[in-house]
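Take a look at the letters that make up each chain.
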Amino acid sequence: MTGEEKEVCLVLANNNLFTQVRDQLRNHFTLENVPDIEKTASKIRQRNVLCLIAGIDDTPETTLQQLSLFIEQFPTIPIITIVDGNNFDLILSCGKIGVNEVLINTELDKIKENIFMALNRRQFWRLHKLGLDTTNCSERVKRALEIIESRCNKIKFVRDIAAELRITPATISRIFKQELNVGIKNCLNFYKIRRAVQ
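The paragraphs below set out a description of the structure included in this document. Computed from a predicted structure; not experimentally measured.

Now for the overall build of the chain. Counting its secondary structure elements, the chain contains 10 helices and 5 strands. For the chain, the residues scored as buried account for 43% of the 198 residues in total. The contacts of the chain with a sequence gap of at least 6 include a subset with a gap of at least 24, amounting to 62%. For the chain, the computed accessible surface area is about 10,900 Å², with 46% contributed by carbon and sulfur atoms.

Written out as structure tokens, the structure is:
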């Protein structure tokens with residue numbers, strides 16, 4: 001995967017629900033609708049997937065079974081399910097199979113927060129634990145970190161940071177990783193998530 005690839009949230013839902021989710025998230029994430037759970041595996045191999053958003057409606061048993069297999073295959077990708085709030089058994093079943101966040105379909109306005117919470121619990125917490133020490137870093141890496149910290153919500157690609165530093169995306173990615181032992185894309189995502197939940 002290159003630093004130029006966009007991160008996406010995959011959405012497994014009918015067109016109506018996908019439209020509602022897209023309306024809530026269009027300014028925060030790139031969304032891609034997938035027709036069924038089998039198609040998600042190929043998408044994950046092609047793209048940098050942040051999470052899977054799954055609407056559970058018509059056949060909950062089949063969907064839960066497929067989500068359970070997905071969790072086994074891709075345990076680091078958070079899953080947010082959208083369910084009917086009147087189906088308490090379904091909500092419990094989602095928790096039992098390991099779904100990260102369960103959102104009731106009448107509360108779609110909270111989906112952004114649910115995604116940020118799921119992502120925050122993912123691997124990005126380790127950046128906070130590392131306490132990035134920049135004392136021995138080059139000026140380029142220090143400047144890249146300043147750019148990320150100050151404008152993380154406006155930066156979409158590593159190439160945006162590289163352009164400002166007048167170096168290639170591959171170069172800044174390499175030296176950032178060498179000097180801080182953290183990928184620049186992971187660092188950028190961490191700051192985006194932290195800013196969003198503040």
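On to helix 1 (residues 15–25). Of the positions making up helix 1, those classed as buried are Leu-17, Phe-18, Val-21 and Leu-25. Down the axis of helix 1, the smallest arc covering the buried residues is 100 degrees, so these residues share one side. Opposite the buried face of helix 1, at more than 90 degrees from it, the exposed residues are Asn-15 and Asn-16. One side-chain oxygen of the residue at the start of helix 1 lies 3.2 Å from the amide nitrogen of Asn-16, identifying that residue as Asn-14.

This part covers the environment of Ser-68. Position of Ser-68 relative to the elements: it lies in helix 3 (residues 60–73). Taking relative accessible area as the criterion, Ser-68 reaches 22% and is therefore assigned partly exposed. Sequence separation of Ser-68 and Lys-96 is 28 residues, and the distance between their C-alpha atoms is 9.5 Å.

This next bit is on unusual backbone geometry. Even without being a glycine, Arg-166 presents a positive backbone phi close to 60 degrees. Inspection of the secondary structure assignment puts Arg-166 in the loop between helix 8 (158–165) and helix 9 (169–180). Overall, Arg-166 belongs to the exposed group, its relative accessible area being 79%.

On to the pattern of salt bridges. All chains considered together, the criterion is met by 4 salt bridges. Residues Lys-110 and Glu-107 are paired through a salt bridge, measuring 3.8 Å at the closest nitrogen-oxygen approach. Where Arg-143 meets Glu-146, a salt bridge forms, and the shortest distance between an N and an O atom there is 3.4 Å. With a gap of 3 residues between them, Arg-143 and Glu-146 both fall in helix 7 (residues 139–151), about one helical turn apart. Residue classification places Arg-143 among the partly exposed residues on the basis of a relative accessible area of 33%.

With that settled, the discussion passes to the packing of helix 7 against helix 8. At a minimum axis separation of 10 Å, helix 7 and helix 8 run at an interaxial angle of 125 degrees. What the angle tells us is that helix 7 and helix 8 run oblique. In the packing of helix 7 onto helix 8, the handedness of the crossing is right-handed. Here helix 7 contributes Arg-140, Arg-143, Ala-144, Ile-147, Ile-148 and Arg-151 to the contact with helix 8, which in turn contributes Ile-161, Glu-164 and Leu-165.

The subject of this paragraph is the packing of aromatic side chains. One pair of aromatic rings is described through two measures. These are the centre distance and the angle between the planes. For the coordinates displayed, the defined rule picks out 1 aromatic pair. For the ring pair Phe-70 and Phe-74, a centre distance of 5.2 Å and an interplane angle of 45 degrees mean the geometry is tilted. With respect to class, Phe-70 is no different from Phe-74; both count as buried. Here the guanidinium or amino end of Arg-159 rests over the ring plane of Phe-157, the centre of that ring lying 4.0 Å away.

On to helix 7. Taking 1.5 Å per residue as the helical rise, helix 7 with its 13 residues ought to reach 18 Å, and the 18 Å between its terminal C-alpha atoms agrees with that figure. Among the residues making up helix 7, those that are buried are Val-141, Ala-144, Leu-145, Ile-147 and Ile-148. Buried residues of helix 7 fall within an arc of 155 degrees about the axis and therefore sit on the same side.

The rules we used
- Residues numbered from 1 in each chain as written.
- Predicted model: local features only at pLDDT ≥ 70, side-chain atom pairs only at ≥ 80, totals over all residues.
- Heavy atoms only, no water.
- Helix = DSSP H or I, 4+ residues; strand = E, 2+ residues; numbered from the N terminus.
- Buried < 20%, exposed > 50% of the residue type's maximum accessible area, 1.4 Å probe, protein only.
- Contact = heavy atoms within 4.5 Å.
- Areas by Shrake-Rupley, 256 points an atom, 1.4 Å probe, with all protein chains shown as cover.
- Arc of directions from axis to C-beta.
- Polar contact = N/O pair within 3.5 Å; in protein donor to acceptor, adjacent residues only side chain to side chain.
- Salt bridge = Lys/Arg side-chain N within 4 Å of Asp/Glu carboxyl O.
- Axes fitted to C-alpha atoms, helices over the stretch in contact; angles between N-to-C directions.
- Parallel < 35°, antiparallel > 145°, perpendicular 65-115°, else oblique.
- Left-handed = near helix turned anticlockwise from the far one by under 90°.
- Phe/Tyr/Trp six-rings, centres within 6.5 Å; stacked < 30°, edge-to-face > 60°.
- Lys NZ or Arg CZ within 6 Å of the ring centre and 35° of its normal.
- Expected span 1.5 Å × (residues − 1).

The analysis is restricted to geometry; functional conclusions fall outside its scope.
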